[in-house]
Amino acid sequence: MSEADLVTAASLDGAPEDAATVDALALEAPPPAVEREGKPMVARWYAVQVASSCEKKVKATLEQRAITLGVDSRILEIEIPQTPAVKLKKDGSRQAAEEKVFPGYVLVRMMLDEDTMMAVRSTPNVINFVGQEERRSTGRARGHIKPRPLTRQEVERIFKRAAEKKPVVKVDLAEGDQILVTAGPFKDFQGEVIEVSGERSKLKALLSIFGRETPVELEFAQISKQS
């Protein structure tokens, strides 16, 4: 996911507008402000791109590094927004899980200065902040990324989406997969998946009935995936 995709998804994801569902730690209180070298500093949320599947590792490491480097009063929160999910296994059983809202990113609420930026950027498995590239005046080398704070609207939408209670169904099925019907009137029939509807926990498959390929709607619990 690119930086533009993250911002666009955060702004346009269609999540409900009820502010009561927003994570309280993100929105109830105004951002704290402190003075450093005579200048006021305000905590903002920033998106940080990390290596694939390293979100939890980055969160734990950065929390510890903030204490070690003495910037834990300015790196205030590190979040991995997630929604509940249900994984449907090949045998039809279900497993509770969590689905990351933005895989490959963590959100950090921090007071941005040279020390806190260095603490984040030097954390293992961190790629960079989401922000704008400042082009170099000479040469073709890539410029420095200037972190861009998320807007209040973006933060609200991200945490509202994470607060949604309806689980996302993740199924290890795709069009073209071969299945065996294990329950219902078509038990023991084999077929090919032609459509998957995770929201409804159903799929459509072509089954050979009386020698003819017939589309049949089945529930996930009624089938097993064939290797």
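Just above sits the structure.
The rules behind the values
Residues numbered from 1 in each chain as written. Predicted model: local features only at pLDDT ≥ 70, side-chain atom pairs only at ≥ 80, totals over all residues. Heavy atoms only, no water. Pairing = 2+ DSSP bridges. Helix = DSSP H or I, 4+ residues; strand = E, 2+ residues; numbered from the N terminus. Axes fitted to C-alpha atoms, helices over the stretch in contact; angles between N-to-C directions. Contact = heavy atoms within 4.5 Å. Phe/Tyr/Trp six-rings, centres within 6.5 Å; stacked < 30°, edge-to-face > 60°. Buried < 20%, exposed > 50% of the residue type's maximum accessible area, 1.4 Å probe, protein only. Lys NZ or Arg CZ within 6 Å of the ring centre and 35° of its normal. Core = buried A, V, L, I, M, F, W, Y, C linked by side-chain atoms within 4.5 Å. Salt bridge = Lys/Arg side-chain N within 4 Å of Asp/Glu carboxyl O.

(A) Focus on the sheet that holds strand 7 (residues 105-110). If you walk across this open sheet you meet the four strands as 4-7-3-8, and the pairing is antiparallel. Two strands lie at the open edges of the sheet, namely strand 4 (75-79) and strand 8 (126-129), each paired on one side alone. When the angles between neighbouring strand axes are averaged without regard to direction, this sheet yields 30°. Judged from the four bridges that link them, strand 4 and strand 7 form a sheet pairing that is antiparallel. Bridge pairing in strand 7 places Glu77 opposite Arg109. Helix-sheet contacts for helix 3 (residues 55-68) involve strand 3 (44-50), strand 4, strand 7 and strand 8, and the interaxial angle to strand 4 is about 165°.

(B) Geometry of the packing of aromatic side chains. Applying the stated criterion across every chain yields a total of three aromatic pairs. Measuring from ring centre to ring centre gives 5.3 Å for Trp45 and Phe159, while their planes differ by 55°; the resulting arrangement is tilted. Residue Trp45 is found in strand 3, and its partner Phe159 is found in helix 5 (residues 152-163); the two are separated by 114 residues along the sequence. Considered together, Trp45 and Phe159 belong to a single accessibility category, that of buried residues. For the pair Tyr46 and Phe129, a centre-to-centre distance of 6.2 Å together with 80° between the ring planes defines the contact as edge-to-face. Remark: Phe129 occurs in strand 8 and Tyr46 occurs in strand 3; sequence separation between them is 83 residues. For the pair Tyr46 and Phe129, one class covers both residues: buried. Its guanidinium or amino end placed over the ring of Phe102, Arg161 lies 6.0 Å from that ring's centre, counting from NZ or CZ.

(C) How the structure looks around the sheet that holds strand 16 (residues 223-225). Judged by pairing direction, the sheet is antiparallel, and its five strands sit side by side in the order 15-14-13-12-16 without closing on themselves. The open sheet has two edge strands, strand 15 (212-219) and strand 16, and neither has a second partner. Here the strands of the sheet are splayed against their neighbours by 40° on average, with no regard to which way each runs. Relative to strand 13 (residues 190-197), strand 12 (residues 178-181) runs antiparallel, the two being bridged by three bridges. Its bridge partner lying in strand 13, Ile179 is registered against Gly191.

(D) Spotlight on the nonpolar core. Among the nonpolar cores identified, the biggest contains 19 residues, and Val48, Ile75, Val106, Val108, Met110, Val120 and Phe129 are the most heavily contacted of them. For this core, the secondary-structure elements that each account for two or more residues are strand 3, helix 3, strand 4, strand 7, helix 4 (114-121) and strand 8. With sequence-adjacent residues up to four places away left out, Ile75 is seen in contact with Leu62, Ala66, Val108, Arg109, Met110, Thr116, Ala119 and Val120.

(E) The pattern of salt bridges, seen in detail. Enumeration over the complete set of coordinates arrives at nine salt bridges. One salt bridge in this structure joins Arg148 and Glu154, with 3.3 Å as the shortest N-O distance. Residue Glu154 is classed as buried on the basis of its relative accessible area, which comes to 5%. Linking Glu217 and Lys202 is a salt bridge whose minimum nitrogen-to-oxygen distance equals 3.8 Å. Pair noted here: Glu217 is in strand 15 and Lys202 is in strand 14 (residues 202-209), with a separation of 15 residues, a long-range link. On the accessibility criterion, Glu217 (39% relative accessible area) is partly exposed.

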